[in-house]
Every structure is written in structure tokens, then in C-alpha cells.
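Chain and residue survey
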Amino acid sequence: MTRATKKPDSKWWEDGVIYQIYPLTFADGNGDGTGDLRGIIQRLDYLNDGNSEQDTSLGIDAIWLSPINNSPMVDNGYDVSDYTDICPTFGSLEDFDELLEKAHQRGIKIILDLVVNHTSNQHPWFVESSSGKDSEKADWYLWQDPLEGRDLPNNWQSYFGGTGWTHSEERGQFYYHTFNENQPDLNWHNPKVREAIYNIIRMWLERGVDGFRLDASSSYSKDPYFRDNPLKYGATDKNDYNNYHHLYDKNLPENHQIIKEIRAILDEYGDRVLIGETFIDNRLYDSLVFHGEKNNELHLPLNFEFSFSPWYPGYIQREIEKKEKLTETGNWPCYFLDNHDLPRHLSRWVECSLCVDSEAIAKASATLLLTVRGTPILYYGQELGMVDNTDIPPERLQDRAVVMSNTKETPPPRDGARTPMQWDDSPHAGFSFGKDVEAWLPVHSNYPDLNVEAALQDPDSILTFYKRLIHVRKHSEALRWGRWHTLIHYPHEELAYVRETENETVLVMINFAFEQPFVIDVPLDREAWTVLLSTVYETDKVIDLNGTLEPFEVTIVQKTR
Ligand code: NOJ
């Protein structure tokens, strides 16, 4: 395999693979049953041992940590009560510094989740703001009286179900919360709020973090007149939040100004990344607008195309083609299959596909994620083939933000996709060494067979496949930054696409179902392609593009000039 040169102007977050850790369930370093920073430090070598020439570790380049700040954990960290400290559940600032240092030694960047659309209702800012209309922070949140003749200030909903307005007895007014009532939205119109948040951003950048993932980053700004959102014509979504056009509580012009301001701060510090959750009814164009007119907003807007796709090649390809068309030159796409809010992709896709072989789907979806043009984000455990734990007893659910919202529209709890990482076949799947403790969430019952230790020994495991795929990607300039184009315009059973630079052409073929002929009707030389990775051929074998794709085959071949 050739060692591809680095594109002269490529950034680490364009070239690299990002790995999302849900700290509560990744690794427990102190044996109390809950994940923490020491646990993550102990597992860094699994993620990347710093030996980039060998595939001795998974080989990821950056970690995105779901929130680790002080929090009463109603939304498991997405409700922050102190942005300047580490939640004792996870450790201390010293532990964080050690994590940063040890990650950097291995070439791993650290990206923090920054949750600033809202705070916890236990944040001192909110406590003060609720204390009265004359308090110093009276206008740090979105306080309103009911509209004349109505019970509430307007019709804005909470994403977790029911109205987004909760009454504070103490203050005698309603406050708005996009999420749970324990998560009041900040008033971003207030320059003092912005200044306070920007100081927090600087503080972490100065501490050495490599970037942020902005939570709910299209919701910061709200209509100053608090106008009602219009109802969508004929809308019947179970979650009433989705039945409205979010004209006045999401994606307002001022939101772009805020992101620009945040980006400008990051730019002062050099090579840092700004990722944002730009979930706007899954409208791709609106999300991509968050790159900014001159790429002066988000580096990587998170859009949910693969998470909302069925496992069907025609649909998936249309999503890729849309993103290819809409991503302007100079901007860079980003893809993921899973995150902490969604059912894991094997749970979603195995049921909706013709293929009941979850290992085949795991390898095929890994290939898709790591060979399209864009930065891939992995969610912990996906590299093993972890699936949702659907057997969590109601009393063990931890998604309190959802459980407490408890309206008829409330979406299901998200715990199934957040269960402990499966490290080995010892108790708690090796996630915690604690003897008389309960793991934060019950471990999936498949852990005796599906765990890191076992998968590392198995040359055909999903984990081995991910490791090899990441290694292949690292050594292929075409896969990292080459152009993307498809060979099949209306795919029904398979995907076949090319990644290409001046020096290298890589062809990716993924068969979604039955035996298929190679359908390559473009002037590609059919002879002498070198196998980079395949579920059928040996690596480095030289093959011709004749014949058939076996059911569920994945094959990646390369030609160098
Ligand atoms: C999006 C996060 O991903 C989710 O977990 C959280 O509940 C909401 N934002 C509120 O912060």
C-alpha cells in the first residue's frame, strides 16, 4: 500500500476520524459503576496508541466528549450548572489536564461538547434570574407573561413534549425551554450573556482543547417579539414540536451572527475545530448554510442524513449526492451513523433490510461512513457492532430529561444506545471493576460474545474490519480528500463509487443484497486493481473488475498512477 502524501492545506479535522465518547458509560476508572475521565485515560491506547504506521490500535484522531461539566444530570450533562469545572462524577480539572496531555501525546485531539443554548435550572445564573424581575440577571433567560386572553406567552413547544413554557412561582413569569423544564434557554440577545459564554470558550481554549461541538446550535436565537410558530399544513407528527414551522425559535438570522462570533474566537487560537448540531427538520441546505458565507461559521455542521436513511442504496446515495452538490468549494462535509440521541444503526437497519446478518450490515455501513468524502464521526461501540439494549427495566432508565417530560408526545428514552462499552467478558463487561456496584446503565446481555477483547482476537470481527478500514483510509489520499463520484446513477441493490486524486483512484463497491454483476459502465480500466480491503478477497490481491459481487460483499480496490 502506498503512503499517500498529505494534502498541503488539509486540516486535522478534515483528514482525521472523530470518535464520540459518552463519558458516563465508556470506562469507569474508580470502580463506582459510572464512567469517568480516568477510565478514558486508561483506554486511550485502544483508541490510538500513537503508532500511526501500524494498525495496533483503532487509529482515531480526535475524541468528542459528551458533556463533562458540572451538572445535576437531568439530561446527563446536557444541563450544565457550572461551565468552568468538571463534574465530580467524572473527576477533576487535574484529571482533565492529564487526559488532554496523554491524548495529545498520542496524536488524539480533544473536542468538548458546549451546551449553551440553555443551562441547568440549578446554574447560579438561572437561580438569580428567577429571583425577581429586578435581579441583576433578570434578562439572562427568556421570561414572558402570558399573552392577553391566553394561558401561555405563545405556542412554542418543547422538543421533549408539551409546551416549552414553565411558570416560575418565585418570579411570577414563564420561562422558555427548548428541552426539559430543568433546561431554561439563555437569552442570547443579551450582550452580557454572550460575553459570559465567550469567556468560557476562551477559558477552555486556553486550557488546550482542540475544539467544540456546539449543542443545539441552531436554536440560540429566538424571535424578539415571541411570535407564534405557524402550524404545518395537515401535520400529524406524534411529537407536536415537529408539527410547527420553527420560524421564530430556530435558525434565525441572528443565530448565524452568534456562530460567527464564536468561530472568530476559535480562529484567534489557530488550528481548532467548530462542529455544530444544526438539526433543522433535517433540511440539508439550511444546515449547510451554517458553514457561513465565507466559511466563517461552523467547520463541520452535523446533519443527520445517514441517521434518518433506511438501509437502501438509492436513498443513501441521493443523500450523498445532495451533500456533494450543496457543499460549496472550500467547505468540508461530515457524516455519522449514530450518536447518543439515536438508536444505534444496527438496531435501526437490521430490521429494515433484507439482510438479517448484522455483521454484514456493520461492515458495509462502516465502509460507507469511512469512504465517502467527509469527516467520519464514530460513536463509541459502533466499531464492535454494539446494538441497543432494549431490555432496560423502567426503574433503571437514566434519560430523566425525557422520562420526566412525560407527555403523550414525549419521544422514547434514549438509554438503549448509551449502555456500557463492552470491553471483555468479565462482570460489567470490563466497563467497571467495581464489585458491589451497579453499572450506570445495564450492560447489553450479548457482552460475553461481543466485546473488545474477543473481537481483537478475531480476524473477521467488525472491530478488526474497522481497524483495517481506518488504516486503509489513513494511507489513501483518495479516500481522505479525493473527489467523489458514483458509477451507478440509480442504484437499487448496490453502491459503486469512486474517490480520486491526481495520483490515485479508489473504487468502493458495497452490495446490499443478492448476487450482483459488477455494473461499471464508465471508462474505467477493468484490469489490475489492488484490493485495499474486502469481505471476499485477500488484501493486496490484484483483481479485474469482471464477474459478480457476492451477496453483501464489500470490496475497496485501488489503482495508482
Ligand atoms: C442535543 C443533545 O444531543 C441531546 O442529548 C440533548 O438532550 C439536547 N441537545 C439538549 O441539550
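In this text the structure is predicted, and so the values were computed from the model without any measurement.

About the criteria used
Residues numbered from 1 in each chain as written. Predicted model: local features only at pLDDT ≥ 70, side-chain atom pairs only at ≥ 80, totals over all residues. Heavy atoms only, no water. Phe/Tyr/Trp six-rings, centres within 6.5 Å; stacked < 30°, edge-to-face > 60°. Helix = DSSP H or I, 4+ residues; strand = E, 2+ residues; numbered from the N terminus. Buried < 20%, exposed > 50% of the residue type's maximum accessible area, 1.4 Å probe, protein only. Near = heavy atom within 4 Å. Polar contact = N/O pair within 3.5 Å; in protein donor to acceptor, adjacent residues only side chain to side chain. Nonpolar A, V, L, I, M, F, W, Y, C, P; charged D, E, K, R; others polar. Expected span 1.5 Å × (residues − 1). Pairing = 2+ DSSP bridges. Core = buried A, V, L, I, M, F, W, Y, C linked by side-chain atoms within 4.5 Å. Contact = heavy atoms within 4.5 Å. 1 Å grid on protein atoms, 1.4 Å probe; cavity = no way out; pocket = protein on both sides within 12 Å on 5 of 7 lines; lining within 4 Å. Points joined across faces, edges and corners; volume = space filled by probe spheres on them. Arc of directions from axis to C-beta.

Within this structure, the stated rule accounts for 30 aromatic pairs. With 5.6 Å between their ring centres and 10° between their planes, F126 and W143 make a pair best called stacked. Residue F126 is located in helix α6 (residues 124-130), and its partner W143 is located in strand β6 (residues 143-144); the two are separated by 17 residues in the primary sequence. Exposure remark for W143: the relative accessible area of 6% places this residue in the buried category. Each ring, one from Y159 and one from F179, has its centre 6.3 Å from the other, and the planes form 65°; the classification is edge-to-face.

Attention now goes to the site of the ligand. Surveying the vicinity of the ligand reveals the residues D75, Y78, H118, F160, F179, R213, D215, E277, H340, D341, R414 and R418. Note that an oxygen atom of the ligand is positioned 2.5 Å from one of the side-chain N or O atoms of D75. In the environment of the ligand, an oxygen atom lies 3.0 Å from a nitrogen or oxygen atom belonging to the side chain of R414. Across the shell around the ligand, the residue classes tally to three nonpolar, two polar and seven charged.

What follows concerns helix α7 (residues 191-207). With 17 residues, α7 should reach 24 Å at 1.5 Å per residue; the first-to-last C-alpha distance of 24 Å fits that figure. For α7, the complete set of buried residues consists of V193, R194, A196, I197, Y198, I200, I201, W204 and L205. With a side-chain oxygen lying 2.8 Å from the backbone nitrogen of K192, the N-terminal cap of α7 falls on N190. Residue G208 follows α7 closely and has a positive phi angle near 115°.

A word on the pairing of strand β7 (residues 165-168). Note: β7 against strand β8 (residues 173-176), four bridges, orientation antiparallel. Within β8, the residue paired with T166 across the bridge is Y175.

So, about the nonpolar core. Y19, F96 and F212 are the most contacted members of the largest nonpolar core, which has 131 residues in total. Per element, the largest residue contribution to this core is eight residues, and it comes from α7. Those residues in contact with F212, other than ones at most four positions away along the chain, are I111, L112, L114, I201, W204, L205, L266, V273, L274 and I275. Residues V531, I543, L545 and L549 belong to the second largest nonpolar core, which totals 14 residues.

Okay, the layout of surface pockets next. Space inside the largest pocket adds up to approximately 710 Å³. Around the largest pocket, the lining comprises 31 residues; the ones closest to its centre are Y159, F279, D341, L342 and R414. A per-class count over the lining of the largest pocket returns 15 nonpolar, seven polar and nine charged.

An ideal rise of 1.5 Å per residue puts 18 Å on 13 residues; helix α5 (residues 93-105) measures up with 18 Å between its terminal C-alpha atoms. Residues of α5 that are buried: L93, D95, F96, L99, L100 and A103. Each buried residue of α5 lies within a common arc of 155° when the element is viewed along its axis, so the set occupies one face. α5 presents E94 and Q105 as exposed residues on the side facing more than 90 degrees away from its buried surface. Where α5 is buried, its residues meet α3 (37-42), α4 (44-47), β2 (62-65), β4 (82-86), β5 (109-114) and α7. A positive backbone phi angle near 80° is found at G107, which sits one or two residues after α5.

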